Amino acid sequence: MPQSTVPNHSNTSSPANLEALEESAEFIRRHLGPRPYEIADMLQTLGLSSLEQLIEQAIPQSIRSSDPLKLPSSRPEAETLRVL
């Protein structure tokens, strides 16, 4: 199993295996984004009907771009952890 070093709460590092990181329900929940009901609740609270309407109101037109993002190819998580 690949090993990585992750910081703990005392600002020191301790080894953690990738399996332990992947199986964390908290890790998974944080990386999946909001659930549909959370988005609906947020929009209702803001009095909006869609995420598009939120974007229209929150992001000035002058900084928006319709050009596709020029991003590098994706990497597997294990490789990304090695790079970090």
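Here the structure is a predicted model, which is why all the values come from computation and not from measurement.

A.B. asks: An account of the overall build of the protein chain is needed here, citing residue identities and associated values.
C.D. replies: When helices and strands are counted, the protein chain shows 5 helices and 2 strands. Counting from the amino terminus, helix and strand elements in the protein chain follow one another as β-β-α-α-α-α-α. Within the protein chain, buried positions represent 6% of all 84 residues. Look at the contacts in the protein chain between residues 6 or more apart in sequence, and 12% of them connect residues 24 or more apart.

A.B. asks: Requested: an account of the pattern of salt bridges, with residues and values cited.
C.D. replies: Throughout the structure, instances matching the rule amount to 3 salt bridges. The partner of Arg-35 in a salt bridge is Glu-38, and the shortest N-O contact between them spans 3.9 Å. Take Arg-35: its relative accessible area is 36%, and that puts it in the partly exposed class. Given a relative accessible area of 29%, Glu-38 falls into the partly exposed group. When the shortest N-O distance is used, the salt bridge between Arg-75 and Glu-79 registers 3.8 Å. On the basis of relative accessible area, Arg-75 is assigned to the partly exposed category, the value being 45%.

A.B. asks: Go over the confidence of the model for the protein chain, please, and point to the residues and values.
C.D. replies: Summary statistics for the protein chain give a mean pLDDT of 79 and a share of 64% for residues scoring 70 or more. At the low end of the mean pLDDT range in the protein chain sits strand β1 (residues 3-7), at 46; at the high end sits helix α3 (residues 36-46), at 96. Overall, residues 1-12 carries pLDDT values under 50, and its contacts beyond four positions in sequence, including any with other chains, amount to 22 contacts.

A.B. asks: Please set out a nonpolar patch on the surface residue by residue, giving values where relevant.
C.D. replies: There is a patch of nonpolar side chains on the surface, built from Met-42, Leu-46 and Leu-51 and spanning about 240 Å² of accessible area. Assignment of secondary structure puts Leu-46 in helix α3.

Calculation criteria
- Residues numbered from 1 in each chain as written.
- Predicted model: local features only at pLDDT ≥ 70, side-chain atom pairs only at ≥ 80, totals over all residues.
- Heavy atoms only, no water.
- Helix = DSSP H or I, 4+ residues; strand = E, 2+ residues; numbered from the N terminus.
- Buried < 20%, exposed > 50% of the residue type's maximum accessible area, 1.4 Å probe, protein only.
- Contact = heavy atoms within 4.5 Å.
- Salt bridge = Lys/Arg side-chain N within 4 Å of Asp/Glu carboxyl O.
- pLDDT = per-residue confidence, 0-100.
- Patch = residues over 30% accessible without salt bridge, like charges linked within 9 Å, V, L, I, M, F, W, Y side chains within 5 Å.
- Areas by Shrake-Rupley, 256 points an atom, 1.4 Å probe, with all protein chains shown as cover.

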